[in-house]
Amino acid sequence: MLAAVPALTKKEALAEITHYSKINNEANADNDRTLLDSIEDGPLYAMSVADYQECRFAFRVSLSR
């Protein structure tokens, strides 16, 4: 029986995680949906966008007090 070959080496996987984290942090700092779209899609993207909307709403509410 042949052993499964990983899609990425450990070094490649760590590089991808580092890239994702960097871009995700930049996108989250400015609620930048375009930048976020470059690293996320599907349900994860939808949840992140919902978080942006929730933060924007909470900020508006705090200003109105």
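Cut-offs and rules
All residue numbers refer to positions counted from 1 along the written sequence of the respective chain. Since the coordinates come from a predicted model, pLDDT governs what is reported: local features require at least 70, and pairs of side-chain atoms require 80 or more to be given and counted, while whole-chain, interface and lining totals use all residues. Note that water and hydrogens are dropped before the side-chain values are worked out from all heavy atoms of the structure. Whenever a carboxyl oxygen of Asp or Glu lies within 4 Å of a side-chain nitrogen of Lys or Arg, that contact is scored as a salt bridge. Segments assigned H or I by DSSP are reported as helices when at least four residues long, segments assigned E as strands when at least two residues long, and all are numbered from the N terminus. Only protein chains enter the accessibility calculation, which uses a 1.4 Å probe; a residue whose area is less than 20% of its type maximum is buried, one above 50% is exposed, and one in between is partly exposed. Between the first and last residue of a helix there are one fewer steps than residues, each counted as 1.5 Å, and that sum is the expected span. When we speak of the arc, we mean the arc of directions from the helix axis to the C-beta atoms.

Chemist: Run through the pattern of salt bridges, naming residues and quoting values.
Modeler: Pairs may arise between side chains of opposite charge once their charged atoms sit close together. This structure, assessed with the given rule, holds one salt bridge. Across the salt bridge formed by Glu 26 and Lys 22, the nearest N and O atoms sit 2.8 Å from each other. With Glu 26 and Lys 22 both in helix α1 (residues 10–30) and four residues apart, this pair spans about one turn of that helix. Using a relative accessible area of 49% as the deciding quantity, one classes Lys 22 as partly exposed.

Chemist: Summarise α1; cite the residues concerned and give the values.
Modeler: Its 21 residues place the ends of α1 31 Å apart at the C-alpha level, agreeing with the 30 Å of an ideal helix rising 1.5 Å per residue. Of the residues making up α1, those classed as buried are Ile 23, Asn 24 and Ala 27. Down the axis of α1, the buried set is contained in an arc of 105°. They therefore lie on one face. Structural note: α1 exposes Lys 10, Lys 11, Ile 17, Thr 18, Asn 25 and Ala 29 on the side pointing more than 90 degrees away from its buried face. In the stretch just after α1, Asn 31 is the one whose phi turns positive, near 50°.

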